[in-house]
Amino acid sequence: MASIFNWLMVAVVIGTAFGDLAEVRRQNDCPYPCTVNGHHFCHPIPCPLPPCVDSITEHGICCPSCPDGPNCPAPDGHTIPWKHSEMIDGKNCTCEHPLTQATCV
Ligand SMILES: *[C@@H]1O[C@H](CO)[C@@H](O)[C@H](O)[C@H]1NC(C)=O
């Protein structure tokens, strides 16, 4: 009875050790797991520049994205959505091209 118990303990210890080993191996094989368009990668991949000033990178997603869509920086520091205009300091500021400074007239 005692020997069966001891054997079980050994089995549990060995099983745990191998489980950890498998986990370490998984991390070594895939240190930076991420997904883009349903494809899985294990290392950082080159990403296109996100077309906004407030991009975010979600955990497990390879590339940054723009939660509020493309936009431009405006002179006073806030952002203007692409193709939109806002009056800033009495000037009509328009975001014509994402990521480029809004043009104010
Ligand atoms: C600002 O400029 C845009 C683009 O030229 C124009 O469509 C819009 O009507 C203008 N807004 C104002 C308040 O003048």
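Below: a short report on this structure. (Residues numbered from 1 in each chain as written. Predicted model: local features only at pLDDT ≥ 70, side-chain atom pairs only at ≥ 80, totals over all residues.)

**What to know about the nonpolar core**
Working step 1: Membership of the largest hydrophobic core is limited to six residues, which are C72, A74, I80, C93, C95 and A102.
Working step 2: Leaving out residues up to four positions away in the same chain, C72 has contacts with T79, I80, W82, C95, P98, L99, T100, Q101 and A102. (Core = buried A, V, L, I, M, F, W, Y, C linked by C-beta atoms within 7 Å. Buried ≥ 20, exposed ≤ 12 C-beta atoms within 10 Å, placed from the backbone. Contact = placed C-beta atoms within 7 Å.)

**Overview of the environment of E96**
Working step 1: Within the element layout of this structure, E96 appears in the loop between β6 (91-94) and β7 (103-104).
Working step 2: Remark: the alpha-carbon pair of E96 and P81, spanning 15 residues in sequence, is separated by 9.3 Å. (Helix = DSSP H or I, 4+ residues; strand = E, 2+ residues; numbered from the N terminus.)

**Some remarks on the site of the ligand**
Working step 1: Close to the ligand lie S85, M87, N92 and T94.
Working step 2: Those elements that provide at least two residues to the shell around the ligand are β5 (85-88) and β6.
Working step 3: Class assignment of the residues belonging to the shell around the ligand gives a composition of one nonpolar, three polar and no charged. (Near = placed C-beta within 6 Å. Nonpolar A, V, L, I, M, F, W, Y, C, P; charged D, E, K, R; others polar.)

**Overview of the sheet that holds β7**
One key point about sheets: their strands pair by backbone hydrogen bonds, in either a parallel or an antiparallel sense.
Working step 1: A sheet is described by the order of its strands in space; here three strands give the open sequence β5-β6-β7, paired in antiparallel fashion. Single-partner strands in this sheet number two, and they are β5 and β7.
Working step 2: Both β6 and β7 contribute to a ladder of two bridges, which runs antiparallel. Directly across from C93, in β7, lies its bridge partner C104. (Pairing = 2+ DSSP bridges.)

**Looking at the pairing of β5**
Along any regular strand, the residues point their side chains to alternate faces of the sheet.
Working step 1: Looking at chain direction, β5 and β6 are connected through four bridges and run antiparallel. Counterpart to I88 in the pairing with β6 is K91.
Working step 2: Count of turn residues in the β5/β6 antiparallel hairpin: two residues, of which D89 carries a positive phi of about 55°.

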